[in-house]
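Okay, here's what each chain looks like letter by letter:
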Amino acid sequence: MSAPRVLFLAHSAVLGGGERSLLDLAAHWRGEREVMVLGDGPFIEALRKRDVPTAIEPLGALASVKRESGAPGLGALTDVARLATRVAKSARDVDVIHANSQKSFVVAAAAGLLARRPVVWHLRDILTTAHFSSANIRAAVLLANARAAAVIANSQATAAAFIEAGGSAELVHVVHNGLSPEAFDAVSPAAAAAVRRQIAPDGAYVLAAVARLAPWKGQHVVIAATQDLPGTQTWIVGAPLFGEDDYAAKLHAQVKGLELGSRVQFLGERQDVPTILRAADAVVHSAVEAEPFGRVVVEAMLSRRPVIATDAGGVREILRDGDTGLLVKPGDPVALADAVRRLRAMAPALREAMVQRAYDDAVARFSVRAMTRSVEQLLAAVVSDRPRRS
Ligand code: UDP
């Protein structure tokens, strides 16, 4: 089977999890492809580094339409029309348009009509009111039911929320994200030890919490748990990528208020996450709302580090509690601190066996190759037999 020619459309040039997953997909695609990004930023550089043909188109007034917004204004609608015309022009040279996220799906749906090309929406968000306005969810689901040839959900949890919101079940196909073990296998013990020496005092037990700073990612819970864990050093890794500066300020104030300045460190956005994870003793994922997938949980497994994660959303499909990691109630610092204590008290041989199972499981179940082949097959089926309903 040859992979169809595809135009990948991405609404954001910020390098978040959704963009990193698209980067892997586009880099491993076996057919012709181009990624059109509605904006300029670090994602562009990352695509070019991997030799993925890339085009940039400014998002315009659409940039101000937030997930929580209601109906878009006239400026945004004008921009949808402008962008759709532009995307349709490129889409005439491909077989199918792949929309990575909700905003790009709106543009892609209009472009697909103009260019007479099928549109597949890769849904990487949980469509609930914890993340989106009701109006936003309704509009997205109606548009998907009317215009998507298929919807790819990055987890069962994402698929279930789409269907719960009124999305057509027959459109949805679950394809878990894939992650390459190479970058994690390549971390040398010396490099990890050097990072650790730089950042952590001798003898500390290091917890790494890697996620962009956002209230729903729950860094405040990790900080509160740290207070209860003498001898631990917590690394908060990540930046407020989507304007959550107030939350970042609150986290700093929380650390100051609890006098944890010597035990909680903010490392900002890092480009060396594999080394950071390897340098830590354990990895903590703390989302207080359901995570659509949770790349960082798989990254911790590939780093051969024990991982504690919150028991919700896509994370439940990644980790098996007590077998490949520990799951805790979301938003509960006492439960989190308790899980860290249980992990520390575990016999080293048992902990190592858990970590090895987690590594093997991540390699077997979340491969980039399997993800790419699944999406290639789905898009090929859409192209040969449209509109396709599963
Ligand atoms: N990440 C990174 N540097 C940071 C913080 C995060 O490279 O300082 C990466 C992290 O390794 C992961 C991605 O950003 O690959 C976040 O994806 P995830 O699915 O965990 O969360 P999202 O941001 O998509 O909600």
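Residues numbered from 1 in each chain as written. Predicted model: local features only at pLDDT ≥ 70, side-chain atom pairs only at ≥ 80, totals over all residues. Heavy atoms only, no water.

A. Focus on the site of the ligand. Residues in contact with the ligand amount to 17 residues; listed here are only the nearest, Arg212, Lys217, Arg270, Arg295 and Glu299. Contact between the ligand and Arg20: an oxygen atom at 3.0 Å from a side-chain N or O atom of the residue. At a separation of 2.9 Å, an oxygen atom of the ligand approaches a polar backbone atom of Arg295. Protein contact buries 90% of the 540 Å² of open area that the ligand shows by itself. Across the shell around the ligand, the residue classes tally to 4 nonpolar, 5 polar and 8 charged. (Near = heavy atom within 4 Å. Polar contact = N/O pair within 3.5 Å; in protein donor to acceptor, adjacent residues only side chain to side chain. Areas by Shrake-Rupley, 256 points an atom, 1.4 Å probe, with all protein chains shown as cover. Nonpolar A, V, L, I, M, F, W, Y, C, P; charged D, E, K, R; others polar.)

B. Spotlight on the packing of aromatic side chains. Here the structure, examined in full by the defined rule, presents 4 aromatic pairs. A ring pair is formed by Phe105 and Trp121, whose centres lie 4.6 Å apart and whose planes are at 0 degrees; its orientation type is stacked. In this pair, Phe105 sits in helix 4 (residues 102–115) while Trp121 sits in strand 5 (residues 119–123), placing the two residues 16 residues apart along the sequence. Of the two residues, Phe105 and Trp121, neither departs from the other in class, the shared state being buried. Here Phe293 and Phe366 contribute two aromatic rings whose centre-to-centre distance is 5.8 Å and whose plane-to-plane angle is 80 degrees, an arrangement assigned as edge-to-face. Of the two residues, Phe293 sits in the loop between strand 11 (282–284) and helix 12 (295–302) while Phe366 sits in the loop between helix 15 (348–365) and helix 16 (368–384), which places them 73 residues apart along the sequence. (Phe/Tyr/Trp six-rings, centres within 6.5 Å; stacked < 30°, edge-to-face > 60°. Helix = DSSP H or I, 4+ residues; strand = E, 2+ residues; numbered from the N terminus. Buried < 20%, exposed > 50% of the residue type's maximum accessible area, 1.4 Å probe, protein only.)

C. Examining helix 1 (residues 17–28) more closely. Compared with an ideal rise of 1.5 Å per residue, which puts 12 residues at 16 Å, helix 1 spans 17 Å between its outermost C-alpha atoms and is within 8% of the ideal. Listed as buried for helix 1 are Glu19, Ser21, Leu22, Leu23, Asp24, Leu25 and Ala26. (Expected span 1.5 Å × (residues − 1).)

D. The arrangement of the pattern of salt bridges in detail. Within the structure shown, the criterion is met by 19 salt bridges. With a closest N to O distance of 3.0 Å, Arg5 and Asp95 form a salt bridge. Within this pair, whereas Arg5 is found in the segment before strand 1 (6–10), its partner Asp95 is found in the loop between helix 3 (74–91) and strand 4 (96–100), the two being separated by 90 residues in sequence. When its relative accessible area of 31% is taken as the criterion, Arg5 is described as partly exposed. One salt bridge in this structure joins Arg320 and Asp323, with 2.8 Å as the shortest N-O distance. For Arg320, a relative accessible area of 38% gives the class partly exposed. Beyond isolated ion pairs, a larger network of salt bridges with shared partners links Arg320, Asp323, Arg357, Asp361 and Arg365. (Salt bridge = Lys/Arg side-chain N within 4 Å of Asp/Glu carboxyl O.)

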